[in-house]
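Secondary and tertiary structure notes
Residue strings, one per chain:
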Amino acid sequence: MVTDGTRVTKNEHIPWRIIEEEAILIDLEEGEVVRLNPVGAEIWSAIDGVRTIEEIVDHICRTFDVSQWKANRDVHRFITSLLRHELVQERSGA
Amino acid sequence: MTHPSVPSVLDQELSRRLWAKLGEGPFPLACQWELTCLCNLRCVMCYTDCFNTPERIRQELRFHEIVRIMDEIHEAGCLELCLTGGEPLARRDFWDIYAYAKQNGFLVTVFTNGTLVTEQIADGWVQSPPSMIEISLHGLTKASFEGITQGTGSYDRCLAAIRLILERRLPLTLKTTGMTLNRDDIPAIKGYVSRLGAEYGTTVHYKFGSDIRLRLDGSEDVAQYQLPADQVSAIEEADPDFHAERSRRNRQEEESRHQGTTRCGGGFHRFHIDAYGRLQLCSGNREASYDLRTGSFHEGFYDVLPHFPCPHRQPPEREELLNIQPLARRHDPREVEAHG
């Protein structure tokens, strides 16, 4: 369950690059390349295990022309997807 | 005389067999038609209420236009028709529209707030029964109910309507949108619905929802009523039926994701028509429309609708699954160093 206070960290086994505003993630275990659009890339870049989801939402609101409500909804959904695909992990004890 | 709930059959075995028979191609099986944004109540979280104005109402489809479009969707093979609003019963010609749909063999569901249901209307439904009547029941006390509907006397009228319908053994679903104003009432409402079924010796279905939609004019003031995800989860975890329904939806969503279809079938087997005759994927996605006042349903459904954007229609590739809605930057993109 992703809440405003959740912190997530990137899966350290997933190499990644930012290329022309998109994030390219290499899932070596699945043998797949995952591409994130510029908004997804911005969220991916902001995931550091320190910032909470709420802080990432604030960051997206400052960076893109989007309302707090929409950013909050989309970031929660997006990070839930990342968790489901094990590209990030929930940071415990934060 | 009893009227068994057709959707309860259709939604399960018949629907499954029918959809399987239709194969993998799109087919316009089920339509949700928002007949009007006119409503006698002003529910605080309602997404259509912003268009409940005389000027907007004058722009809505007239009866002759509705009949022409209904003929087209009937000819295309549509079977299920859900009439909603606003408050569909607030249209003076509701009965003409309903009767025309029934004469054409549609399985008709009516979404209503119940407050305009009279004995005459309930008797009419006995003569020509709907597949389902769905009434919103957002509170179980006069204060909480009318705090949401902002309509004096609406609580008593809604409960009276429920009894009129059950006395006639018509199929009934009661539903609640969980929000900040009624979150503590949900178990009591569900218990009340269960007791109603026992009292009348029938099944009264119950639906719990939690999504508050932005208003049709884009205003976000309704977001204040949205329950946080953890509170929705707590409500669903506490009730075995809600929990089972959530699990079923999650499985369905996951299955759709793998199959690359939309979560709800919008544009595939289902479609939405708004009060102005605009064909859309679903009531929750009006980003793109096709005007049925000037175009044909066949062209709209088969040629145009498949190209409408839908965040839930995802090809199975993981890179697409992980996309998020594109947005315009407020400033130049910052430099991001490569990591690995």
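Report on the accompanying structure. Counting of residues starts from 1 at the beginning of each chain's written sequence and follows it residue by residue. Chains carry letters and ligands carry numbers; both start at the beginning, A for chains and 1 for ligands, and go up in the order they are written. Residue-level local features of this predicted model are given only where pLDDT is at least 70; pairs of side-chain atoms are given and counted only at 80 or more, and the full residue set underlies all totals for whole chains, interfaces and linings. Each side-chain value is worked out from all heavy atoms of the structure, with water and hydrogens disregarded.

Looking at the overall build of chain B
Helix and strand counts for chain B come out as 12 helices and 9 strands. We call two residues in contact whenever any of their non-hydrogen atoms come within 4.5 Å of each other. When contacts within chain B are restricted to residue pairs at least 6 apart in sequence, long-range pairs at least 24 apart make up 71% of them. Working definition of accessibility: Shrake-Rupley area with a 1.4 Å probe, residue cover restricted to the visible protein chains. Surface accessibility of chain B: about 16400 Å² in total, with carbon and sulfur atoms responsible for 51%. Numbering of helices and strands starts at the N terminus; helices are DSSP runs of H or I of at least 4 residues and strands are runs of E of at least 2.

Here's the deal with the nonpolar core
In terms of nonpolar packing, the biggest core is built from 64 residues, with Trp33(B), Ile73(B), Trp125(B), Ile162(B), Leu174(B) and Phe271(B) touching the most fellow members. No other element matches the 8 residues that helix 7 (residues 154-167) of chain B contributes to this core. Other than its neighbours up to four places away in sequence, Ile162(B) contacts Ile135(B), Leu137(B), Leu172(B), Leu174(B) and Leu196(B). To qualify as a nonpolar core, a set must consist of buried Ala, Val, Leu, Ile, Met, Phe, Trp, Tyr and Cys residues joined through side-chain atoms within 4.5 Å. Accessible area is worked out with a 1.4 Å probe on protein chains only. A residue is then buried under 20% of its type maximum, exposed over 50%, and partly exposed in between. Judged by nonpolar contacts, the second largest core, of 29 residues, contains Ile60(A), Phe78(A), Leu87(A) and Val88(A).

Here's the deal with the pattern of salt bridges
Residue and element names in this part refer to chain B. Here, a salt bridge means any Lys or Arg side-chain nitrogen found within 4 Å of an Asp or Glu carboxyl oxygen. The tally for this structure, following the rule as stated, stands at 22 salt bridges over all chains. One salt bridge in this structure joins Glu 65 and Arg 293, with 2.9 Å as the shortest N-O distance. Of this pair, Glu 65 sits in helix 3 (residues 63-75) while Arg 293 sits in the loop between strand 9 (290-291) and helix 11 (297-304), placing them 228 residues apart in sequence. Relative accessible area serves as the criterion here: at 15%, Glu 65 is assigned to the buried category. With its nearest N and O atoms 2.8 Å apart, the salt bridge here joins Lys 190 to Asp 241. Of this pair, Lys 190 sits in helix 8 (residues 186-200) while Asp 241 sits in helix 10 (residues 240-259), and the two are 51 residues apart along the sequence.

Quick look at the sheet that holds strand 3 (residues 22-27) of chain A
Residues and elements named next belong to chain A. Read from one edge of the open sheet, 3 strands run 2-3-4, paired in antiparallel fashion. Two strands in the sheet have a free side with no partner beyond their single neighbour: strand 2 (16-19) and strand 4 (32-36). On average, adjacent strands in this sheet sit at an angle of 20° to one another, irrespective of strand direction. Think of it this way: DSSP has to see at least two bridges between two strands before they count as a pair. With 4 bridges joining them, strand 2 and strand 3 adopt antiparallel strand pairing. When the sheet's bridge partners are listed, Arg 17 is paired in strand 3 with Ile 24. Lines fitted to C-alpha atoms define the axes here, with helix axes fitted over just the stretch in contact, and angles between the N-to-C directions of these axes take values from 0 to 180 degrees. Across the face of the sheet, helix 1 (residues 38-46) comes into contact with strand 2, strand 3 and strand 4 while running at roughly 65° to strand 3.

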